[in-house]
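# Coordinate inspection notes
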Amino acid sequence: MSVVSLQLGQCGNQIGHELFSVISDDSGGPNRKQYKQCSDERFFHETSAGELVARSVLVDMEPKVISRAIAKASKSGRWRYGDGAHFSQKQGSGNNWANGFCVHGPRHEEAVEDLVRMEMERCDRLAGIFTMMSVAGGTGSGVGTYITQRLRDLYPNSFILNQVTWPYEAGEVIVQNYNSVLTLSHLYQLSDAILVHENDTVHKICSRLMNIKHISISDVNKVIAHQLASVLQPAYTADSPCHYSTNPIGELLTSLVCHPEYKLLSLCNIPQMSSTSLAYSVFNWPGLLKHLRQMLIASARMEEGIDWTVSAPLAVTSAGESATNSRHKSFNLSLANLLILRGKDVSTAVTDGFKDPALYVPWLKPENSFSTWTSPVAFNGYEKSATLVSNSQSLLKPLDNIVRKAWNMFASRAYVHQYTKFGISEEDFLDSFTALEQIISSYTHL
Amino acid sequence: MTQSIVVQVGQCGNQVGCRFWDLALREHAHVNQMGIYDEALSSFFRNVDQRGADSTGGKINALKARAVLVDMEEGVLGEILQGPLRSLFSSTQLISDVSGSGNNWAVGHHTYGLAYREQIVDQVRKAAEHCDCLQCFFLIHSMGGGTGSGLGTFVLKLLEDEFPEVYRIVTSVYPTAEDDVITSPYNSVLAMKELTEHADCVLPVDNQSLVDIVGKIQHMSNTGKPGCTIKKDCTIISGQGGVVKVEKPFDAMNNIVANLLLNITSSARFEGSLNMDLNEIAMNLVPFPRLHYLLPSLTPLYTLADVSVPPRRLDQMFSDAFSKEHQLIKADPKHNLYLACALMLRGNVQLSDLRRNIERLKPTLPFVAWNQEGWKTSLCSVPPVCHSHSLLALANNTCVKSTFFELRERFVKLYRRKAHLHHYLGVDGMELAGFSEALSSISALIEEYTHLESPLMPNAPRLTIAT
């Protein structure tokens, strides 16, 4: 089954291009014919000339980033973007969500919908729609939200998985918090799940774990692409233990999103290190899984600086209160976790540490909270690689920060005139704030 | 790719404008080795073939600037028409009169505004028709004289009426206290009212800062300290390699302003890993509609002959951008409140350098409470000519209010005595109410900036959800 991707805005297009590169490199590795076949069918379609064309639509309001992505893809020789599978205009959205959502979105909806429909018609069976965007800018966030809304209306039975990138907390775009609040509040109603990457976390991974001295945007994007590919590449799941799963997005959603109120997903992937160190490192599953488990409960987003003092509460009684009291103050409660293991000897990996009911909310049965996918094929040069996709409280703190800063700015009404100019009123802002406070409250009181 | 039109008004505006076109040609010649008319060139120039029609793509035939040049006396425009840049402009793009405005804002604004309105609208519209997607007007003028100040602000209002969707970024040269034009306070305050109401962004520059920067560079090149020899032609004030060969007085100062304009548009013209378009400047740096005065500061001022660039030098560049010596207007941002700040980097600078320096500088710069992380960043991969990297910082800071305060004081000193007023009131269309309105406008602006500095009420309580 095939996944149709939508790359929105500058960030979305840069990440999308890296994602397809990583997928194509990974599938091109040794000893993986069936894996490659499944992956190719999922992400590319083959032309009569034997070329691999990505199942992707590129959308941006200004042409520079898209032309660069298309040129780099063609240069790689292994895959390329479809001719005409992109849409751009001359002038960007100016970091203004209202401009993207109220002006550019409606103006260009027909053209973009046509492109998406063409990609979908080329698929034999659709696994789902995967969009990539940032929340801080104007096009990715504003136009991206509008397009998601339209796609939800046009294809009510398809899965829509949104990957969003949250900006550096120290500031990349001044109105980033407004744009983030408006995007997330709207997406929550439209999307099936929101997979979040934070620039701060990925930047730290690049500097501390991968030892890159001068980190560039493409380094950050490569790490994000690596993490995304580790989720989306073929794997054996509980539903399909002998063949590669044909419904990756659907199964991801059933494992993780049990309630429509809880849709925020975070990703951890280990190990991550520079390619020079990789040759000298040896991993074993117990070690990797132990680290991942601690990263989960201590809300550590990368493998360094994990707080080992946080531990799961010892006994979960039927009365919810005693469980709450015995929890360590920074213990991260999960709703559901999905573990994806790729590499040598996966069958020997013991995942019981994750099945501990103390990690999960008491109102879900443990067998529904935890699932594992495996694949014996080594992923992207790492002999063993483990990814944890989790629906938990770990995104609560960054989300709370974003809402707090946006609210402070809104209290002084700064920059609001830029949004009202294009049709977003103060009422709309208040609605978005209310929606996000609701989400924060739901996750806090898990 | 979008296009921008430059409108230069008055003697100062046209002289700065000339330097801008010279340096723009130099920059594009440096980057565009193949002589192909590409997207970057099209933002300021048209490619015209023999018959005078636009030709897109392919080799460069003849370049015409997307500009309208206005001056009410013939001297400056005449020089342009005879100088080496004459082929850039067709004669219809130049609008001139004979006698000038006599340093009188009212004459520039009311008399000449009325007389030349049709012609100016015509020329601007023609220039706009040659554009695929017009994004921005750059208006260059001075505030102290008559034409630049009066007619310039009239043109600004006109642009807003005719092209409301196109951004208007104004570069204004403010008079200093020792200005030789006695009525410059009147002209400036009357013009300020128009700028506050009709411009999207204003980049104020003053002559004193430019003189200081030029002095500093010349001092550096003349002291000859070991390890400090400057590459002669690689300073921000040098116009070497451009079309105009003979250097005129004021050229050094005007080059700085021209570089400012080039750097602002660099990310929109050339590619980079983190692009920033012109509309993003207005969006991010203007929190309230009237507070759109952005302090520019440019670094580095010169390249040292020593080629290697250790990271400390990069960090020094960031620190310099926030020092008083590199600012283009006399003000003290560090002791006032930052409302927002944009960092536009060109050249070989990586994301990690940028983030490291933001982390380093943040504690030293006071930001307003509701915008603690008020940074907008952009990275363009094409460096300016002769430098390996450069940084332009645009800050929206409440320190501009002290500049406006001084301006108002000088205005009030003359106004109290009604000195020179009869020259203005004698002009058709100018009334005394105009003066009092302008005075209240600038007072209100100072008041708004001061209000933001007062300690705010404690953060408004967040919305709570009933559980």
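Residues numbered from 1 in each chain as written. Chains lettered and ligands numbered in written order. Predicted model: local features only at pLDDT ≥ 70, side-chain atom pairs only at ≥ 80, totals over all residues. Heavy atoms only, no water.

Inclusion rule: UniProt positions are given in the numbering used here, feature names are shortened, and annotations may be inferred rather than shown by experiment.
As recorded by an unreviewed UniProt entry, chain B carries the name Tubulin, epsilon 1 and is attributed to Cyprinus carpio. What UniProt records for chain B under Subcellular location (unreviewed entry) is the sentence "Cytoplasm, Cytoskeleton". Recorded in UniProt for chain B, the comment headed Sequence similarities (unreviewed entry) runs: "Belongs to the tubulin family."

With an unreviewed UniProt entry as reference, chain A is termed Tubulin delta chain, source organism Cyprinus carpio. On record in UniProt, under Function (unreviewed entry), the comment for chain A is "Acts as a positive regulator of hedgehog signaling and regulates ciliary function." Comment text from UniProt for chain A, heading Sequence similarities (unreviewed entry), reads "Belongs to the tubulin family."

## Some details on the side chain of K384 of chain A
Residues and elements named next belong to chain A. So the rule is basically this: Labels follow the DSSP assignment, with helices taken as runs of H or I lasting at least four residues and strands as runs of E lasting at least two, numbered in each case from the N terminus. For each residue, the accessible area found with a 1.4 Å probe, counting protein chains only, is set against the maximum for its type, and the residue is called buried under 20%, exposed over 50%, and partly exposed in between. Any two residues whose heavy atoms approach within 4.5 Å at even a single point are treated as in contact.
As for its placement among the helices and strands, K384 is situated in strand 13 (residues 384-392). In this structure K384 comes out as buried when scored by relative accessible area, which is 7%. In this view, K384 contacts P271, F283, N284, W285, L288, R342, G343 and K344; residues no more than four positions away in its chain are not counted.

## With respect to the side chain of K64 of chain B
Residue and element names in this part refer to chain B. So the rule is basically this: Two N or O atoms form a polar contact when they lie within 3.5 Å of each other; inside protein one atom must be a possible hydrogen donor and the other a possible acceptor, and for residues adjacent in sequence the pair counts only when both atoms belong to side chains.
Along the chain, K64 falls in strand 3 (residues 62-65). Only 2.9 Å separates the side chain of K64 from the backbone oxygen of S87, close enough to count as a polar contact. Not counting chain neighbours up to four residues away, the residues in contact with K64 comprise F44, F45, R46, V48, S87, L88, F89, S90 and Q93.

## Quick word on the state of the cysteines
Residues and elements named next belong to chain A. In plain terms, the rule: Here, the term disulfide refers to a pair of cysteine sulfur atoms separated by no more than 2.5 Å.
What the rule picks out here adds up to 0 disulfides over all chains. For the unlinked cysteine C123, the closest cysteine sulfur is that of C38, found at 13 Å. For C123, a relative accessible area of 9% corresponds to the buried category.

## A few points about the confidence of the model for chain B
Heads up, the condition is: Values of pLDDT, the confidence the predictor places in each residue, fall between 0 and 100.
For chain B, per-residue confidence averages 85 on the pLDDT scale, and residues scoring 70 or more make up 90% of the total. Among the scores for the predicted complex, ipTM is 0.82 and pTM is 0.87.

## Structural notes on the sheet that holds strand 7 (residues 167-174) of chain B
All names here are of chain B. So the rule is basically this: Two strands make a pair as long as DSSP finds a minimum of two bridges between them. Throughout, an axis means a line fitted to C-alpha atoms (over the contacting stretch in the case of helices), and angles, computed between N-to-C directions, take values from 0 to 180 degrees.
Spatially, 6 strands are ordered 5-4-1-6-7-8 in an open sheet, and the strand pairing comes out parallel. Looking at which strands have only one partner, the edges of the open sheet turn out to be strand 5 (94-96) and strand 8 (201-206). Ignoring strand direction, the axes of neighbouring strands in this sheet form an average angle of 15 degrees. One ladder, built from 6 bridges, connects strand 1 (residues 3-9) with strand 6 (residues 134-142); its direction is parallel. Following the sheet pairing, Q8 is matched in strand 6 by I140. In the packing of helix 4 (residues 105-129) onto the sheet, the strands contacted are strand 1, strand 4 (67-71), strand 5 and strand 6, and the crossing angle to strand 5 comes to about 170 degrees.

## Observations concerning the interface of chain A and chain B
Quick reminder of the rule: Summed over both partners, the accessible area (1.4 Å probe) lost when two parts come together is defined as the buried area. One speaks of a salt bridge when a side-chain nitrogen belonging to Lys or Arg is within 4 Å of a carboxyl oxygen belonging to Asp or Glu.
Across the boundary between the two partners, chain A contributes 52 residues, which contact 49 residues of chain B. Both sides together, the interface formed by chain A and chain B hides about 4,300 Å², and carbon and sulfur atoms give 54% of it. When residues of chain A are sorted by the area they lose upon contact with chain B, K64, K90 and I174 of chain A head the list and together hold 15% of the total. On the surface where chain A and chain B come into contact, there are 3 salt bridges. A salt bridge links E271 of chain B to R68 of chain A, with the nearest nitrogen and oxygen atoms 3.8 Å apart. In this structure, the connection of chain A to chain B is made through 22 residue pairs in polar contact (both at pLDDT 80 or more).

## A closer look at the environment of R462 of chain B
Within the secondary structure, R462 of chain B sits in the segment after helix 14 (432-453). For R462 of chain B, a relative accessible area of 24% corresponds to the partly exposed category. Apart from residues no more than four positions distant in its own chain, R462 of chain B is found in contact with D400, V403, R404, W407, E437 and I440 of chain A.

## Side note on the pairing of strand 12 (residues 338-347) of chain B
Residue and element names in this part refer to chain B. Our working rule: Note on handedness: a crossover is taken as right-handed if, strands pointing away from the viewer, the path from the first strand over the helix to the second is clockwise.
Of all 10 residues that make up strand 12, 10 are buried, and the element is covered over most of its length. Note: strand 12 against strand 14 (residues 389-397), 9 bridges, orientation antiparallel. The residue of strand 14 that forms the bridge with G347 is H389. Pairing analysis gives 6 bridges linking strand 12 to strand 13 (residues 375-380), with the strands arranged parallel. Pairing of M344 across the sheet is with S378, part of strand 13. Chirality of the crossover, the property in question, places the unit of strand 12, helix 11 (residues 351-361) and strand 13 among those that are right-handed.

## A look at the UniProt feature "domain: Tubulin/FtsZ GTPase" (unreviewed entry) in chain A
UniProt's entry tags residues 40-240 of chain A with the feature "domain: Tubulin/FtsZ GTPase" (unreviewed entry), counted in the numbering of this structure. Taken end to end, residues 40-240 of chain A has its terminal C-alpha atoms 19 Å apart, with 50% of it in helix and 19% in strand.

## Focus on the pattern of salt bridges
Residue and element names in this part refer to chain A. All told, the structure shown has 38 salt bridges over all chains when counted by the stated rule. A salt bridge links E113 to R150, with the nearest nitrogen and oxygen atoms 2.7 Å apart. Of the two residues, E113 is situated in helix 4 (residues 97-121) and R150 in helix 5 (residues 139-154); the sequence distance between them amounts to 37 residues. Classification of E113 as buried rests on a relative accessible area of 12%. The exposure class of R150 is partly exposed, given its relative accessible area of 22%. Each of the salt bridges in this network shares a partner with another, and the network as a whole consists of E109, E113, R150 and D153.

## Thoughts on the packing of helix 6 (residues 184-198) of chain B against helix 14 of chain B
All names here are of chain B. In plain terms, the rule: Here is the rule for angles: anything less than 35 degrees is roughly parallel, anything more than 145 is roughly antiparallel, 65 through 115 is roughly perpendicular, and the remaining ranges are oblique. Left-handed describes a crossing in which the near helix is turned anticlockwise from the far one by less than a right angle; the clockwise case is right-handed. Note on residue categories: nonpolar means Ala, Val, Leu, Ile, Met, Phe, Trp, Tyr, Cys or Pro, charged means Asp, Glu, Lys or Arg, and polar means any other residue, Gly included.
Axis separation between helix 6 and helix 14 bottoms out at 9 Å; the angle between their running directions is 65 degrees. The orientation of helix 6 relative to helix 14 falls into the category roughly perpendicular. The element helix 6 and its partner helix 14 pack so that their crossing is left-handed. Side by side, helix 6 and helix 14 meet where Y186, V189, L190, M192, K193 and T196 of the first sit next to G434, F435, E437, A438, L439, S441, I442 and L445 of the second. Classifying every residue of the contact of helix 6 with helix 14 gives 9 nonpolar, 3 polar and 2 charged.

## Points about the sheet that holds strand 5 (residues 80-81) of chain A
Residues and elements named next belong to chain A. Pairing is mixed in the open sheet, where 3 strands are placed in the order 2-3-5. Here the strands that pair on one side only, and so sit at the sheet edges, are strand 2 (44-46) and strand 5. Bridging between strand 3 (residues 52-54) and strand 5 involves 2 bridges; their strand directions are parallel. Bridging from a neighbouring strand, A54 pairs with Y81 of strand 5. Taken strand by strand, helix 2 (residues 33-43) contacts strand 2 and strand 3, and its axis lies near 100 degrees from that of strand 2.

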